[in-house]
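What follows is each chain in one-letter form.
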Amino acid sequence: MTARALVLLLAGSSLACESPAEVDPLPSWNDGPAKTAIMDFVDRVTNTAHPDHRPEAERVAVFDNDGTLWSEQPLYFQLVYALDRVRATAEDHPEWREQEPFRTVVGGDQQALASFGTSELMQIVAATHSGMTVSEFRETSRAWLDSARHPRFDRLYRELTYQPMRELLAYLRSNGFQTWIVSGGGVEFLRTFAQEAYGIPPEQVIGSSTAAEYLSDPNAPTMVKLPEVGSFDDKGVKPVNINLHIGRRPILAFGNSDGDFEMLEHTTTGDGARLGLLLHHDDDEREWAYDRESHVGRLDRGLDEAADRGWVVVSMAQDFGTIYGH
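It should be emphasised that the depicted structure is a prediction, and the values quoted were computed from it without experimental measurement. (Residues numbered from 1 in each chain as written. Predicted model: local features only at pLDDT ≥ 70, side-chain atom pairs only at ≥ 80, totals over all residues. Heavy atoms only, no water.)

Along a regular strand, successive side chains alternate from one face of the sheet to the other. Most of strand β6 (residues 275-280) sits out of view: six of its six residues are buried. On β6, burial covers both faces: Leu 275, Leu 277 and Leu 279 on one face and Gly 276, Leu 278 and His 280 on the other are all buried. Inspection of the sheet shows strand β5 (residues 252-255) paired to β6 by four bridges, in the parallel sense. Note on β6: the bridge partner recorded for Ala 253 is Gly 276. (Buried < 20%, exposed > 50% of the residue type's maximum accessible area, 1.4 Å probe, protein only. Helix = DSSP H or I, 4+ residues; strand = E, 2+ residues; numbered from the N terminus. Pairing = 2+ DSSP bridges.)

Structure, rendered in structure tokens:
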């Protein structure tokens, strides 16, 4: 072997022994206190030598959906679906021509629509989310998600998920976490796309629900959705449903509104290392800027109490390098 060949061989061996550069698991997050807090927390609870270590069975992370994993302006996307369903099925319901709130929806009076309260919205959801089997509802909602486009971005609604949050979900799962959705949105609607959008299977989705009835038939048993609210998964109901469906207190919770306050409170007041995060919509250029006075995703009490409770407020403008990643 020549001297030059020997030098090249030794150089190659040296390079092969060097460890590769560490890959950033959250590339769409800007460096800063929020990203550091997340990665430090994950390092501590996964390090068997650290006093904050938690076994995998205890690594449960819960996420709100609307305004946390995808956008929610100018209306919650599932509500847009419900309004579209009223218009699409109006011919089958001639009584809606004179019956509120359906007459307003069919007539397209945007100002009147904006004034709707919880009562009117619940009537619309009950009418458009019932009277069909669970399978039929999933097919209808899936067809809408595959075709309906957002008025501002001209993108499918299902494309408006946040890339930094998708990265966070994947990062947590790669470190032994279970990732759950705990949302005020309808559970059947969420299950239509959660696996594809977030990698979260349907059995790890908790949401609002309507009552249902099982119809026994030896040949084709069915489950029919009824026009009655089963559970409205918001505020104090979120911890109750977490206990009912998960059976463990999470160690990480991520929300964006006062509707998530109790979920973060429940998560972060347990023993051991815990992390609460709130996404603050403060980027009017790439998304929207809203908080205390918003008609959707109102964040008021959370902003006031986050610091005292040790919760991390994630700034969309400062902490997200990209929003959707299109």
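The next subject is unusual backbone geometry. A negative phi angle characterises most non-glycine residues, just as the trans form characterises most peptide bonds. With an omega of -5°, the peptide bond between Gln 73 and Pro 74 qualifies as cis. With an omega of 5°, the peptide bond between Glu 100 and Pro 101 qualifies as cis. With respect to the element layout, Pro 101 can be found in the loop between α3 (77-88) and α4 (102-107). Of note in the backbone geometry, Lys 235 takes a positive phi value of approximately 50° without being a glycine.

Time to look at the pairing of β5. Because side chains alternate across β5, one face comprises the buried residues Leu 252 and Phe 254, and the other comprises Ala 253 and Gly 255, equally buried. The pairing of strand β1 (residues 60-63) with β5 spans three bridges and is parallel. Paired with Phe 63 across the bridge in β5 is Phe 254. As for the winding sense of the linkage, the β-α-β connection from β5 through helix α12 (residues 261-268) to β6 is right-handed. (Right-handed = clockwise from strand over helix to strand, strands pointing away.)

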